[in-house]
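# Analysis of the macromolecular model
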Amino acid sequence: MINTGFLQQLELKINELLQHNKKQQATIQQLNTEIEVMKRQLTEAHVNLVELQKKYDNLLIAQTIVKAEKDDIKRAKAKLTRLLETIDRCIGQLNA
């Protein structure tokens, strides 16, 4: 015959395993929820990164345009200075 003490211990161990299993299932569910939240955060961060990259690229283009405009302004000023010098020389020759 089977010892009733053995059956009680077996039942106790089975109950402990079932409780442990429930805890593990709850932990798994919690971790899966955290994973989903982190996936959403990662997706949002990626979208934000793409937007920031586009803005940065646009900024680089704008800086290039501004630099080109500044160079054009410098060249125009230099040309005006040369023209004024030429005009001054001409006036000087006329007065001589």
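A quick note: this is a predicted structure, and the numbers were derived from the prediction, not measured.

What follows is about the overall build of the protein. Assigned secondary structure in the protein consists of 1 helix and 0 strands. Its C-alpha radius of gyration of 41 Å places the protein more than 25% over the 12 Å reference for a compact globule of 96 residues. Expressed along its principal axes, the backbone C-alpha trace of the protein runs to roughly 140 × 15 × 10 Å. For the protein, the proportion of its 96 residues judged to be buried stands at 0%.

All chains considered together, the criterion is met by 2 salt bridges. Linking K39 and E36 is a salt bridge whose minimum nitrogen-to-oxygen distance equals 3.9 Å. Note that K39 and E36 are positioned in helix α1 (residues 4-95) at a spacing of 3 residues, about one turn of the helix. Here R75 makes a salt bridge to D72, at a shortest N to O gap of 2.6 Å. Of this pair, R75 and D72 both sit in helix α1, 3 residues apart, which is roughly one turn of that helix. Owing to a relative accessible area of 44%, D72 belongs among the partly exposed residues under this scheme.

A few words now on a nonpolar patch on the surface. Nonpolar side chains collect at one region of the surface, where F6, L7, L10, I14 and L18 lie side by side and expose about 450 Å² of accessible area between them. Its location among the elements puts L10 in helix α1. A residue is classified by how much of its surface remains accessible, and L10, at 40% relative accessible area, is partly exposed.

What follows is about α1. The end-to-end C-alpha distance of α1, which contains 92 residues, comes to 133 Å, matching closely the 136 Å that a straight helix rising 1.5 Å per residue would cover. The distance from a side-chain oxygen at the start of α1 to the backbone nitrogen of G5 is 3.0 Å, and the residue carrying that oxygen is N3.

A few words on the environment of A45. With respect to the helices and strands, the residue A45 is situated in helix α1. Separated by 31 residues in the primary sequence, A45 and A76 place their C-alpha atoms 46 Å from one another.

Here is what the cut-offs are and how they apply
Residues numbered from 1 in each chain as written. Predicted model: local features only at pLDDT ≥ 70, side-chain atom pairs only at ≥ 80, totals over all residues. Heavy atoms only, no water. Helix = DSSP H or I, 4+ residues; strand = E, 2+ residues; numbered from the N terminus. Rg over C-alpha atoms; globule rule 2.2 N^0.38 Å. Buried < 20%, exposed > 50% of the residue type's maximum accessible area, 1.4 Å probe, protein only. Salt bridge = Lys/Arg side-chain N within 4 Å of Asp/Glu carboxyl O. Patch = residues over 30% accessible without salt bridge, like charges linked within 9 Å, V, L, I, M, F, W, Y side chains within 5 Å. Areas by Shrake-Rupley, 256 points an atom, 1.4 Å probe, with all protein chains shown as cover. Expected span 1.5 Å × (residues − 1). Polar contact = N/O pair within 3.5 Å; in protein donor to acceptor, adjacent residues only side chain to side chain.

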